Amino acid sequence: MALVLNEEQSMLRDSARGLIADRGPVAQLRKLRDDRDASGFSRELWKEFADMGFAGILVPEENGGSALGHVEAGVVMEEIGRNLTSSPFLSTALLGATAMKRAGGARAGEILSKIAAGQILLALACDEKSKHNPHHVETRATRAGNGFTLKGAKTFVVDGHVADLILVVARTAGGVNDKEGVTLLAVDPKAKGVSVERTIMVDAHNAARITFDDVHVDADAVLGEVDNGARIVSDALNVGRAAVAAELVGVGDEAFDRTVAYLKERKQFGKAIGEFQGLQHRVSHLYCELEVTRAAVLKALQTLDQAPANAAPFVSLAKARACASTNLAVQEAVQMHGGIGMTDAVDIGLFMKRARVGQELFGDSRFHADRIARLRGY
Amino acid sequence: MTDLETFRRETRAWLEANCPPEMRTPQEDDDDRCWGGRNFRFKSEAQKVWMQRMAERGWTVPDWPKEYGGGGLSKDETKILREEMRALKCRSPLDSFGIWMLGPALLKYGNEAQKKEHLPKIVRGEIRWCQGYSEPGAGSDLASLQTRAEDKGDHYLVNGSKIWTSYANHADMIFCLVRTDFSAKKHEGISFVLFDMTTPGVTTKPILLISGKSPFCETFFTDVKVPKENLVGTLNRGWDVAKYLLTHERDMIGGMGLGGGGRPLGQVAADAVGVENGMLADPLLRADIARLEVDGWAFQMAMERAGDLAKAKQAHPAYSSFLKYYGTELNKRRHELVMTSLGSDGLEWESARSQEGEALRAWLRTKANSIEGGTSEVQLNIISKRILDLPGA
Ligand SMILES: Cc1cc2nc3c(=O)[nH]c(=O)nc-3n(C[C@H](O)[C@H](O)[C@H](O)COP(=O)(O)OP(=O)(O)OC[C@H]3O[C@@H](n4cnc5c(N)ncnc54)[C@H](O)[C@@H]3O)c2cc1C
């Protein structure tokens, strides 16, 4: 499998690029932020995502999806990153759809159909602490009547306040840090005892804290099998990590492109600042870092398509790299813009803000480098 | 089964049958390489057999055309051969400046007679080449070189000197940049010529490196007669050939960033600092190693992608500068961490325990990676100018 996009994937990139730059540009994020928009994303754009087949990008054909792969999903994420678009694509089309596919069953099939049609929004409620640690699950689902009673709290739930259904990772067996013994439950956010607090984040993208105070859920809320949810969650997280890595590639690339353009335009000491070798070398180094990451991210996406059972280390590599290189890109971008880079009026700071959140989402570069070190036995 | 799958299966079977076990152990340093040439002393019978068997099929240079002795493999087949060799831990059967540098330049700029004369000898490891580019006054500013070649009717007369000429004292032939027009602008008066190192007037003097080894020389030319048919490309247009050759040299040097087949760093460090709960007991060293491995593994993918981009004709012509810069800086970082992981044991310069300072010498050698073939700073200049199109670069 060549590490370049094939013809269909390149065509998909062109159409995603056109659509997202046109209908979900940075200006849209600004407006959502400044208007304190209640949903925090553009419902019109999401409808277009459904019409274009993006909402159902990972959904099987029998559920009305376009049944494409993770490379294609990454292509869309990259454009989302370039434009800082706030979109439920990650939470619903990628995390949600992956969890439903792994869970299987009639209920999951119905949800998949709705995802493809753009008729449902999902949110994965996994993290409980401020640093990503997916095995740490204190939220408990205790058997009660024909179902469970759910108690606990989740944080950093992407799209948590707009979701129609929350996919809750709950402990049904074992201790707080056990890998196994968790169950994935589909919980109605309007159910009694669920409280959702939208958290306004630095990047103006959607997130929420969600508390479950003795919430009753029926047995049919279980996705997959009781006590056996860990695989579903880890598969969904791996897709999410690779997807966020692709988004970060887009964020980093756009910050880089804008910076290179600025180096050619801004004049000081009677010449373009891009003539100073001190800046030339830094920006050329950054180019190299971004190229290395691009290869790693594409490799991870391809591995998710071709050999998903082996994907974990590749995904960690991609996320570790993307966090590091995009972080460098946005910092260099602000620095090389000088004072104007610090202003809210200029977009470059928004890229830095999204990069900060993207790094924290589903494990930062330390988390993933550590995972690789463990896999290699040291 | 597709043709490529069949090719992979047959290749693996052939390698298993033909690569001697001694040639499936990690190659420690440059001395373990098979360089070929008229006077090459093979380190073992296995090394010789392995080179000859591969050369017979043209697989010492698998992607060169069959008519010039190469393997005539497609890019996909070449990739498969490399993958299978890696999987079986086969050493490279033959390394040489002919394969890495001169060959690609001849394929593009050489005339038919030159290709027929020189390429098969490179494939078979019969002739070892050296590179006469740098001069005392012309390093990064290579185009300011002063070695001159005068037109004497049926030959050129070459006078001047080169420096840092790797393995000049072991080489049979040299590809050399000479000035043929002193009145033209510096890039426009250079020509690319080939000559035999045994020609009267050629002398070499080894230079001792900080590693204690002498892999390169000062090379002097006094009234060296070079036949006119040994001019490659057009007179005074040698800079084009020189630059093209450099992109191949840079790809090759960048590949060093992939690291050799030695022991994984995590294990080296475990011996020195110990392991607690399955993790290196020195958490900061562990973090440094993990970060290096992240970058190193990702760079491996970048190299793979570079090949695929080239195949898809999407690679930027200056992409080799990225690979060269990144790969060499990575290799230096790796060897710094090897030294850190070995601790004081690794510092013994002369001892059997340290295999005569093997790791030290390798560490010191890597410092040249970011100098030879154009320094890191020069690569960044090239990226600034040719890829990013920055003003004044
Ligand atoms: C191990 C080894 C093997 C070699 N083998 C060969 C060989 O086989 N054949 C051959 O011809 N040559 C060979 N070389 C020579 C090599 O190509 C040169 O050393 C290299 O091009 C640098 O030139 P220099 O040594 O003159 O350094 P200089 O050009 O003097 O550079 C000194 C410093 O100044 C910096 N610098 C120079 N110009 C700029 C600029 N414009 N912008 C920013 N920084 C700049 C450099 O990056 C470097 O850090 C070899 C070198 C080594 C170390």
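Remember, predicted model here, so these are calculated numbers, not experimental data. (Residues numbered from 1 in each chain as written. Chains lettered and ligands numbered in written order. Predicted model: local features only at pLDDT ≥ 70, side-chain atom pairs only at ≥ 80, totals over all residues. Heavy atoms only, no water.)

Chemist: Mind laying out the packing of helix α3 (residues 75-87) of chain B against helix α8 (residues 283-311) of chain B, listing which residues take part and the relevant values?
Modeler: Residues and elements named next belong to chain B. Direction vectors running N to C along α3 and α8 enclose 165 degrees, while the axes themselves pass 11 Å from each other. Between α3 and α8, the crossing angle belongs to the class labelled roughly antiparallel. Helix-helix and strand crossings are classified by hand; for α3 and α8 the assignment is right-handed. Residue-level contacts link K75, D76 and K79 of α3 to E304, D308, A310 and K311 of α8. Among the residues making up the contact of α3 with α8, the classes are represented as one nonpolar, no polar and six charged. (Axes fitted to C-alpha atoms, helices over the stretch in contact; angles between N-to-C directions. Helix = DSSP H or I, 4+ residues; strand = E, 2+ residues; numbered from the N terminus. Parallel < 35°, antiparallel > 145°, perpendicular 65-115°, else oblique. Left-handed = near helix turned anticlockwise from the far one by under 90°. Contact = heavy atoms within 4.5 Å. Nonpolar A, V, L, I, M, F, W, Y, C, P; charged D, E, K, R; others polar.)

Chemist: Pulling in residues and values, what's your account of the interface of chain B and chain A?
Modeler: For an interface, size is often stated in terms of accessible area lost upon the parts coming together. Contact with chain B, which involves 38 residues of that partner, is made by 41 residues of chain A. A salt bridge links B:R305 to A:E291; its shortest N-O distance comes to 3.1 Å. Where chain B meets chain A, there are 20 residue pairs in polar contact (both at pLDDT 80 or more). Those elements giving two or more residues to the side of chain B that touches chain A turn out to be β10 (279-280), α8, α9 (319-342) and α11 (376-387) of chain B. In terms of residue class, the side of chain B that touches chain A is built from 22 nonpolar, six polar and 10 charged. (Salt bridge = Lys/Arg side-chain N within 4 Å of Asp/Glu carboxyl O. Polar contact = N/O pair within 3.5 Å; in protein donor to acceptor, adjacent residues only side chain to side chain.)

Chemist: Break down the packing of aromatic side chains for me, with residues and values.
Modeler: In this description, a pair of aromatic rings is defined by centroid distance and the angle of the planes. All names here are of chain A. Under the definition given, this model contains 24 aromatic pairs over all chains. Here W46 and F49 contribute two aromatic rings whose centre-to-centre distance is 5.9 Å and whose plane-to-plane angle is 40 degrees, an arrangement assigned as tilted. Taken as a pair, W46 and F49 lie in helix α3 (residues 43-51) at a separation of three residues, close to a single helical turn. The residues W46 and F49 share a single accessibility class, namely buried. Judged by its relative accessible area of 0%, F49 falls in the buried class. (Phe/Tyr/Trp six-rings, centres within 6.5 Å; stacked < 30°, edge-to-face > 60°. Buried < 20%, exposed > 50% of the residue type's maximum accessible area, 1.4 Å probe, protein only.)

Chemist: I'd like to hear about the site of the ligand, residue by residue, with values.
Modeler: Near the ligand lie 19 residues; those nearest to it are B:S134, B:S140, B:W164, B:T375 and B:E377. Nearby residues place the ligand at the junction of chains A and B. Within the side chain of B:T375, an N or O atom sits 2.7 Å from an oxygen atom of the ligand. Contacts to the ligand include B:E377, whose side-chain N or O atom sits 2.7 Å from an oxygen atom. Relative to its free-state accessible area of 970 Å², the ligand is covered by the protein chains to the extent of 68%. (Near = heavy atom within 4 Å. Areas by Shrake-Rupley, 256 points an atom, 1.4 Å probe, with all protein chains shown as cover.)

Chemist: A description of the pattern of salt bridges should follow, citing residues and the corresponding values.
Modeler: Tallied over the full model, the rule gives 58 salt bridges over all chains. For A:R282, the salt bridge identified is with A:E332, shortest N-O distance 2.8 Å. Taken together, the positions of A:R282 in helix α8 (residues 277-306) and A:E332 in helix α9 (residues 311-337) put the pair 50 residues apart, joining distant regions of the chain. A:R282 sits in the partly exposed class, given a relative accessible area of 33%. By relative accessible area, which is 13% here, A:E332 ends up buried. The partner of B:R353 in a salt bridge is B:E348, with the nearest N and O atoms 3.0 Å apart. A relative accessible area of 25% means that B:E348 is categorised as partly exposed.

Chemist: Please provide a residue-by-residue account of the domain arrangement of chain A, values included.
Modeler: Residue and element names in this part refer to chain A. Per the domain assignment, the segments making up chain A are domain 1 (7-121), domain 2 (124-227) and domain 3 (231-375). Here the C-alpha centre of domain 3 lies 30 Å away from the C-alpha centre of domain 2. At the junction of domain 2 with domain 3, the criterion picks out three salt bridges. One salt bridge in this structure joins E360 and K131, with 2.7 Å as the shortest N-O distance. Here the side of domain 2 that touches domain 3 is built from residues that sort into nine nonpolar, four polar and two charged. (Domains from an automatic or database assignment.)

Chemist: Lay out the domain arrangement of chain B with the relevant residues and their values.
Modeler: All names here are of chain B. Assigned domains of chain B: these are domain 1 (2-123), domain 2 (129-236) and domain 3 (241-387). Distance between the C-alpha centres of domain 1 and domain 2: 27 Å. The largest share of the area that domain 1 buries against domain 2 comes from R38, F97 and L102, three residues that together contribute 42% of it. Put simply, domain 1 and domain 2 have one salt bridge between them. (Buried area = accessible area lost by both parts, 1.4 Å probe.)

Chemist: Help me get a handle on empty space enclosed by the protein, residues and values and all.
Modeler: All names here are of chain A. Tallied over the full model, the rule gives five cavities of 30 Å³ or more. What the largest cavity holds in volume is close to 160 Å³. Taken together, 18 residues make up the lining of the largest cavity; nearest its centre are S87, L90, V158, H205 and R354. For the lining of the largest cavity, the elements supplying multiple residues, two or more each, are α4 (70-83), β3 (147-158) and α10 (348-360). (1 Å grid on protein atoms, 1.4 Å probe; cavity = no way out; pocket = protein on both sides within 12 Å on 5 of 7 lines; lining within 4 Å. Points joined across faces, edges and corners; volume = space filled by probe spheres on them.)

Chemist: Break down the pairing of strand β1 (residues 122-125) of chain A for me, with residues and values.
Modeler: All names here are of chain A. Of the two faces of β1, both are covered, the one formed by L122 and L124 as well as the one formed by A123 and A125. Bridging between β1 and strand β4 (residues 165-171) involves four bridges; their strand directions are parallel. When the sheet's bridge partners are listed, A125 is paired in β4 with V168. (Pairing = 2+ DSSP bridges.)

Chemist: Tell me about the nonpolar core, and please be specific about residues and values.
Modeler: If you look at the biggest cluster of nonpolar residues, it comprises 147 residues, and the most contacted ones within it are A:F49, A:F89, A:L94 and B:F322. Among the nonpolar cores identified, the runner-up in size contains 40 residues, and B:C34, B:V123, B:I127 and B:L245 belong to it. (Core = buried A, V, L, I, M, F, W, Y, C linked by side-chain atoms within 4.5 Å.)

Chemist: Talk me through unusual backbone geometry; I want residue IDs and the actual numbers.
Modeler: Excluding glycine, residues mostly have negative phi values, and the peptide bonds linking residues are mostly trans. Residue and element names in this part refer to chain A. Look at L84: it is not a glycine, yet its phi comes out positive at around 55 degrees. Here the phi dihedral of D214 falls at roughly 50 degrees; this positive angle occurs in a residue that is not glycine. Along the chain, D214 turns up in strand β7 (residues 207-218). On the accessibility criterion, D214 (47% relative accessible area) is partly exposed.

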